[in-house]
Protein chains: 2
Amino acid sequence: MNQVEVAFSPTIFNHYDIDNKIVVVADILRATSVICTMFKNGVTEIIPVRNIEEARAYKEKGYLVVAERNGQKLDFADFGNSPFYFTPETIGGKIVVYSTTNGTNAITMGKDANQVIIGSFLNISSVINYLVDKSHDVLIMCAGWKGKFSLEDALFAGALSKALISTNKFSTICDSANASMDLWNLAKDDLANYLEKVAQRHRLKKMGLDDVIGYCFTPDVTDVLPVLVGDRLKAISPK
Amino acid sequence: MNQVEVAFSPTIFNHYDIDNKIVVVADILRATSVICTMFKNGVTEIIPVRNIEEARAYKEKGYLVVAERNGQKLDFADFGNSPFYFTPETIGGKIVVYSTTNGTNAITMGKDANQVIIGSFLNISSVINYLVDKSHDVLIMCAGWKGKFSLEDALFAGALSKALISTNKFSTICDSANASMDLWNLAKDDLANYLEKVAQRHRLKKMGLDDVIGYCFTPDVTDVLPVLVGDRLKAISPK
């Protein structure tokens, strides 16, 4: 029986043993939802970078750069962080450099794990199928908000943990996994209403960027499975 | 309207602004439950120390020392960490030096706040009354388990947040506070059953130390309110 654990924030990530585990990074509003959308629409590779200077240096070398902080596009970047920007016309066949407030930091932290994959509601069935097939222990890493707990990432962790455990190939003794499953069970039947209390929803609303909420909670919009290969994200083709 | 926030682990504590806030430290299994029990039974002061060497040095100076790691009493210590050790006969009128796996670390981290107070189910009404009376913003700091999230501390955070908000003198926009209130609402009507999933319960059970569970979730066993004064905990007399 494989184990599933949940880390509620990248800040506590180094308290987990990730040796030989698959790390699933989740930043539902919005980085991992955006990444899945980019691969769905034909991006070939994504280079996640942690800091603004690095993103700017890539821009100067001619790369297409997506970069935001606190929800807002950085001045030198080609795009901000809404999934709706990334159509086949804008990013099909291209390499994209990507830097966000929380998500890209979380992705690069997982490097020492057996593998890092990108999870969101948009590709949740692909993630489940892949993890069941791989038979490794799993750590779901929530990107959170500036080092803190985020409810929307916990809901995804709960949905994913519950799905894995329901296959009878995974179990958990992790308090965070149990808490996130309880939160998901509470939220899932009236998700739109439950999401009213999510702080990030209100942050995005203030900036007029909350049009993405419904989309980011839609399951299985795509079957792409982005994985970290070296320092780049690439998509594994589904079986 | 004052704000209430929850930090699920000391690891993420430095992501919170604690300026002019009252920090309530909660380590339900077992440090803050033990501290409340000690003051109930007449300890005069508790000196929380973070590391074992410091605890040992106090022992050599003749202090009464309570010290555990991973649930087990350290060899040089006078007592381990069960609240049942601390009767009026053992600690009445004495100063106790105290060092535990998670709780004492959390207490000493809050030093820069307006005030640090000790919360547990055992003194929850005293905590609520004090916070309502003080009218400061509140950060509930869960001690967690080795830097990670602990369900039992989140349940306390939920119970306390809910009680504060129900006075209409507090509100929250904190995802952790909202999540912990949801978990508490889910657990409270059948707490004994819900606690079955708490990992720390199973850790204590393995060591034969789980006899404290029922006691540690009993509300209002005492009206003591331990507060940090300099580097020592002292009890404020209730009104």
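Everything below is about the structure printed above this text.
Residues numbered from 1 in each chain as written. Chains lettered and ligands numbered in written order. Predicted model: local features only at pLDDT ≥ 70, side-chain atom pairs only at ≥ 80, totals over all residues. Heavy atoms only, no water.

*Asks:* Help me understand the packing of aromatic side chains in this model?
*Replies:* Pairs of aromatic rings are described using the distance from one ring centre to the other and the angle between the two planes. Counted by the stated rule, this structure contains 21 aromatic pairs over all chains. Considering the side-chain rings of Y58 of chain A and Y63 of chain A, the 5.0 Å spacing of their centres and the 85° angle between planes classify their relative orientation as edge-to-face. Relative to F86 of chain B, the ring of Y85 of chain B has its centre 6.1 Å away and its plane inclined at 80°; by these criteria the two rings are edge-to-face. For Y85 of chain B, a relative accessible area of 36% translates into the label partly exposed. By relative accessible area, F86 of chain B is classed as buried at 1%. Above the ring of Y58 of chain A, the side-chain terminus of K61 of chain A is found at 4.9 Å from the ring centroid. (Phe/Tyr/Trp six-rings, centres within 6.5 Å; stacked < 30°, edge-to-face > 60°. Buried < 20%, exposed > 50% of the residue type's maximum accessible area, 1.4 Å probe, protein only. Lys NZ or Arg CZ within 6 Å of the ring centre and 35° of its normal.)

*Asks:* Whenever I open this one, the environment of E68 of chain B confuses me. Can you help?
*Replies:* All names here are of chain B. As for its position among the elements, E68 is in strand β4 (residues 64–69). The buried category is assigned to E68, whose relative accessible area is 5%. Sequence separation between E68 and G80 is 12 residues, and the spatial gap between their C-alpha atoms is 5.6 Å. Every residue in contact with E68, bar those within four places of it in the chain, is listed here: K73, L74, N81, S99, T100 and T101. A polar contact of 2.6 Å, which involves the side chain of E68, links it to the backbone nitrogen of G71. A distance of 3.5 Å separates a polar atom in the side chain of E68 from a polar atom in the side chain of N81. (Helix = DSSP H or I, 4+ residues; strand = E, 2+ residues; numbered from the N terminus. Contact = heavy atoms within 4.5 Å. Polar contact = N/O pair within 3.5 Å; in protein donor to acceptor, adjacent residues only side chain to side chain.)

*Asks:* Help me understand helix α5 (residues 124–134) of chain A, please; the structure alone is not making it clear to me.
*Replies:* Each α-helix turn comprises 3.6 residues. Residues three or four places apart therefore point the same way. Inspection of α5 of chain A places I124, S126, V127, I128, Y130, L131 and V132 of chain A among the buried residues, and these make up the whole buried set. Where α5 of chain A ends, the next residue or the one after it, S135 of chain A, has phi of about 55°, a positive value.

*Asks:* Just to check I follow, could you spell out the nonpolar core for this structure?
*Replies:* Nonpolar side chains in soluble globular proteins tend to end up buried together. Core analysis: the largest hydrophobic core is formed by 165 residues, its most contacted members being M38, L131 and F217 of chain A together with M38, L131 and F217 of chain B. Filtering out sequence-adjacent residues up to four positions away, M38 of chain B remains in contact with V43, I46, V66, F86, I91, V96 and Y98 of chain B. (Core = buried A, V, L, I, M, F, W, Y, C linked by side-chain atoms within 4.5 Å.)

*Asks:* Can you walk me through the environment of D75 of chain A in this structure?
*Replies:* Note that D75 of chain A resides in the loop between β5 (72–73) and α3 (88–91). A residue is classified by how much of its surface remains accessible, and D75 of chain A, at 68% relative accessible area, is exposed.

*Asks:* What should I look at first to understand the interface of chain A and chain B in this one?
*Replies:* One frequent convention defines the size of an interface as the accessible area lost when the parts assemble. Taken together, the contacts link 26 residues of chain A with 26 residues of chain B. Joining chain A to chain B, the criterion identifies two salt bridges. Two residues, K197 of chain B and D182 of chain A, come together in a salt bridge whose shortest N-O distance is 2.9 Å. The interface formed by chain A and chain B includes 12 residue pairs in polar contact (both at pLDDT 80 or more). Contributions of two or more residues to the side of chain A that touches chain B are made by α6 (151–166) and α7 (175–187) of chain A. Of the residues forming the side of chain A that touches chain B, the biggest block, seven residues, is contributed by α7 of chain A. Residue composition of the side of chain A that touches chain B, by class: 12 nonpolar, seven polar and seven charged. (Salt bridge = Lys/Arg side-chain N within 4 Å of Asp/Glu carboxyl O. Nonpolar A, V, L, I, M, F, W, Y, C, P; charged D, E, K, R; others polar.)

*Asks:* What is the right way to look at the relation of the copies chain A and chain B in this model?
*Replies:* These two copies of the chain differ by a rotation about an axis and a displacement along the same axis. With an RMSD of 0.0 Å, the operation that places chain A on chain B is a rotation of 180° combined with a shift of 0.0 Å along the axis. One copy is carried onto the other by what is essentially a two-fold rotation axis. (Least-squares fit on C-alpha atoms with pLDDT ≥ 70 in both.)

*Asks:* Could you clarify how one ought to interpret the pairing of strand β1 (residues 2–7) of chain A in this entry?
*Replies:* Where a strand is regular, its side chains alternate between the two sheet faces. Residue and element names in this part refer to chain A. The buried fraction of β1 amounts to five of the six residues, a majority that puts the element mostly inside the structure. When β1 meets strand β9 (residues 170–171), the two strands line up parallel, connected through two bridges. Across the sheet, the residue bridging to Q3 is S171, located in β9. Pairing of β1 with strand β8 (residues 137–142) involves four bridges; the strand directions are parallel. Paired with E5 across the bridge in β8 is L139. (Pairing = 2+ DSSP bridges.)

*Asks:* Looking at this model, I keep getting lost on unusual backbone geometry. Mind explaining?
*Replies:* It is generally the case that most residues other than glycine have a negative phi and that most peptide bonds are trans. Note the cis peptide between L29 of chain A and R30 of chain A, where omega equals 20°. In this structure, R30 of chain A sits in the loop between β2 (21–26) and α1 (31–40). Despite not being glycine, N20 of chain B has its phi angle at roughly 65°, a positive value. Mapped onto the fold, N20 of chain B is located in the loop between β1 (2–7) and β2 (22–26). For D220 of chain B, which is not glycine, the phi dihedral falls at a positive 60°. Locating D220 of chain B in the fold gives a position in the loop between α10 (213–216) and β10 (225–229).

*Asks:* Help me understand the environment of D137 of chain A in this model?
*Replies:* All names here are of chain A. Mapped onto the elements, D137 comes out in strand β8. Separated by 33 residues in sequence, D137 and F170 place their C-alpha atoms 8.1 Å apart. Once you skip the residues sitting within four places of it in the chain, D137 turns out to touch N2, Q3, N20, K21 and I22. Separated by 3.1 Å, the side chains of D137 and N2 make a polar contact. Within polar-contact distance, the side chain of D137 engages the backbone nitrogen of Q3 at 2.8 Å.

*Asks:* Just to check I follow, could you spell out the pattern of salt bridges for this structure?
*Replies:* When the charged atoms of two side chains lie near each other, side chains of opposite charge can form a pair. Scanning the model with the defined rule gives 14 salt bridges over all chains in all. Its salt-bridge partner being E5 of chain A, residue K21 of chain A comes within 2.8 Å of it at the nearest N-O pair. Of this pair, K21 of chain A sits in strand β2 while E5 of chain A sits in strand β1, placing them 16 residues apart in sequence. The partner of D189 of chain B in a salt bridge is K188 of chain B, and the shortest N-O contact between them spans 3.5 Å. A single network of salt bridges, built from pairs that share partners, joins E45, R232 and K234 of chain A.

*Asks:* Looking at this structure, how should I read the side chain of Q200 of chain A?
*Replies:* Residue and element names in this part refer to chain A. Its place among the elements puts Q200 in helix α9 (residues 199–206). For Q200, a relative accessible area of 5% translates into the label buried. Polar side-chain contacts of Q200 include one of 3.1 Å to the backbone oxygen of L29. Engagement of the side chain of Q200 in a polar contact is seen with the side chain of R203, the distance being 2.8 Å.

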